[in-house]
Amino acid sequence: MLLLCTACTSGGGAGPSAVPPPGATSAGAGTPRVLRVATASDVSIGPVRERLIEAWDRQRDDYTVEIVKLPAAADEVRSQLIAALQSGSADYDVVNIDVTWTAEFAAGGLIRPLAGELPEDIWPSVAATTRYDGRTWAVPFNTDAALLYYRTDIWRDRDWRPPRTWAELEEDVAEARDPERVTRRFEDGYITQLGPYEGLTVNALEAVWARGGRFVGEDGEVTADSVEVRYGLDNLYRQYRDLMPRTLARRADEHDSLAAFRDGTVPFMRNWPYVYNILAAEGSRLKGRFGVVALPGQGDGKPGTSVLGGQNLAITTRSEHSAAARELLAYLTEPAQQRCLLDVGFAPVLRSSYDPSGDPVRCSLPPDGDGGADAPGDPEHPAGGTDGGTDGGTDSGSADGGNGDGGDRDGPAGTGGSAGRGRAADRTADAEPAAGADGAAGESGAAAPDPGRLPVYAAPLRQALAAARPRPVTPYYAAFTELIQSEVHAMLLHGGNRDALPRRLAEQLGPVLRGG
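How each quantity is defined
- Residues numbered from 1 in each chain as written.
- Predicted model: local features only at pLDDT ≥ 70, side-chain atom pairs only at ≥ 80, totals over all residues.
- Heavy atoms only, no water.
- 1 Å grid on protein atoms, 1.4 Å probe; cavity = no way out; pocket = protein on both sides within 12 Å on 5 of 7 lines; lining within 4 Å.
- Points joined across faces, edges and corners; volume = space filled by probe spheres on them.
- Nonpolar A, V, L, I, M, F, W, Y, C, P; charged D, E, K, R; others polar.
- Helix = DSSP H or I, 4+ residues; strand = E, 2+ residues; numbered from the N terminus.
- Buried < 20%, exposed > 50% of the residue type's maximum accessible area, 1.4 Å probe, protein only.
- Lys, Arg positive; Asp, Glu negative; His and termini not counted.
- Salt bridge = Lys/Arg side-chain N within 4 Å of Asp/Glu carboxyl O.
- Polar contact = N/O pair within 3.5 Å; in protein donor to acceptor, adjacent residues only side chain to side chain.
- Contact = heavy atoms within 4.5 Å.
- Core = buried A, V, L, I, M, F, W, Y, C linked by side-chain atoms within 4.5 Å.

### A closer look at the layout of surface pockets
Leftover empty space is mapped by rolling, across the atoms, a probe with the size of a water molecule.
Right, on to step 1. If you add up the space inside the second largest pocket, you get close to 440 Å³.
Right, on to step 2. Lining the second largest pocket are 17 residues; nearest its centre among them are Val-216, Gly-217, Glu-218, Pro-472 and Val-473.
Right, on to step 3. Here the lining of the second largest pocket is composed, by residue class, of 9 nonpolar, 3 polar and 5 charged.

### Here we look at the side chain of Asp-98
Right, on to step 1. Examined against the element boundaries, Asp-98 turns out to sit in strand β3 (residues 94-98).
Right, on to step 2. The charged side chain of Asp-98 is buried without a salt bridge, its nearest counter-charge being Arg-471 at 4.1 Å.
Right, on to step 3. Of note is the side chain of Asp-98, whose polar atom sits 2.7 Å from the side chain of Thr-100.
Right, on to step 4. Ignoring any residue separated from it by four or fewer positions in sequence, one finds Asp-98 in contact with Gly-310, Gln-311 and Arg-471.

### Overview of empty space enclosed by the protein
Right, on to step 1. One pass over the full model with this rule turns up 4 cavities of 30 Å³ or more.
Right, on to step 2. Together, Val-99, Thr-100, Thr-102, Ala-103, Thr-129, Arg-131, Leu-308, Pro-470, Arg-471, Pro-472, Val-473 and Thr-474 line the largest cavity.
Right, on to step 3. Among the residues forming the lining of the largest cavity, the class breakdown is 6 nonpolar, 4 polar and 2 charged.

### Observations regarding the environment of Glu-507
Right, on to step 1. You can see Glu-507 is positioned in helix α17 (residues 501-513).
Right, on to step 2. Glu-507 sits 285 residues away from Val-222 along the chain, and the two C-alpha atoms are 8.9 Å apart.

### Topic: the nonpolar core
Right, on to step 1. Ranked by internal contacts, the top residues of the largest apolar core, which has 118 residues, are Tyr-149, Phe-215, Leu-233, Phe-268, Leu-279, Phe-480 and Leu-505.
Right, on to step 2. Ranked by the residues each element gives to this core, the list is headed by helix α16 (residues 477-494), at 8 residues.
Right, on to step 3. In this structure, Ala-38, Val-68, Ala-90 and Phe-105 belong to the second largest nonpolar core, which totals 20 residues.

### Some remarks on helix α13 (residues 335-343)
Right, on to step 1. With respect to burial, α13 is a largely interior element, 7 of its 9 residues being buried.
Right, on to step 2. Listed in full, the buried residues belonging to α13 are Gln-337, Gln-338, Arg-339, Cys-340, Leu-341, Leu-342 and Asp-343.
Right, on to step 3. Looking at the buried positions of α13, the neighbouring elements they touch are α2 (48-59), β6 (139-144), α11 (274-279), α12 (322-332) and α15 (458-467).
Right, on to step 4. The first or second residue beyond α13 is Gly-345, which carries a positive phi of 100 degrees.

Here's what the structure looks like:
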């Protein structure tokens, strides 16, 4: 693991000067200057993020943007960026970094603080990922929150509705294993990301938060040695043991989870919004046969708490074009550009992007084939791979269209068959509608949204983002997540004395978060 050692020694002093708020700048006449943007390979459908940057480039005669593509794997991107920025071997002006790296890059003197305020429309929790030591160091590009995907076409109960609590999810997995309750029996019921990488840390945080615990408090103090943390980790282990295909789950990342859900291994999946358009694409086996809601909660009528994901854009300390770079950052957070992200399954950072009232802002990019974003949901796209495998589900009664605007409509959620158990009223009381289920907000049938209406997943994504939390803000996040992954993965593999795990974590987290 590469640690940014300057983060340990750069305290004191004024640090780099702040980049002023965006204004009209010009590099003057002559040969356009080059603005270099370093980013991980864009595996989004389109790829829309790169095309948005290129759209700004086309508007400028004085600057030309060079996009430097780094490896797709997050750990490789981080290591390569740190090495390049520390050594000065790359003259990057803007870096697209994971939200968890912002504090590390700021403390290490690799990026410059930004003067002025971020747009008020940005989700407060998203804005918090850009701040460290009382200053703002980046502008959010896109955010992320996890969703629960579920099959709509397998339930014999015509009144079936998606689970709103983890207890209901466990009930539904039991039903999916009962051939009298479903049209096709499942051996396993649920999949998430429990491989030894960042996805495991994310799931561990969500499990602990679900029981009211925290590894680290908002003040930075270690709070891992608590009964709430113990209950949360024990619940994660129990879900792994009882609900999931264990051999797959303990090595699964997002793509493995998608494949298991798509190919009919499980009827429930935790994953990110980008998956929706892959599953809903023309040619997908599950088109019209799945739905999505916010993560299950604890029975208080509120959704579960997702970890906040996403990327932030920062200006490097060595940049000689910081004014133009700040203008690019401001452009990328404007509503029309943020809408382009929403259309292909990214989560915009603006709250207004999810507002169904009035006339939604349309994507600024032209239609695909003219430099714009491709139609979302291409099953051949690298983000999801090809749509293959065997399913074994039934086509009867599946969702096959939708209103796409977040409103309710009449109709059953299941395939028909045996009489319902009367749970629909209990499950839908005080809850926002789901996306993709009959009788809920939209359908999973249409991948490409009407540009005048919000995508069908916008409503549950808005609900998920409103409840989402950022991961601990610390220059030593890389060491924090390595420890969580090591200890929690060992718990999954060996079980053992799980009661002792919170204390062991607390003893190790203290030195880790002090840079030891």
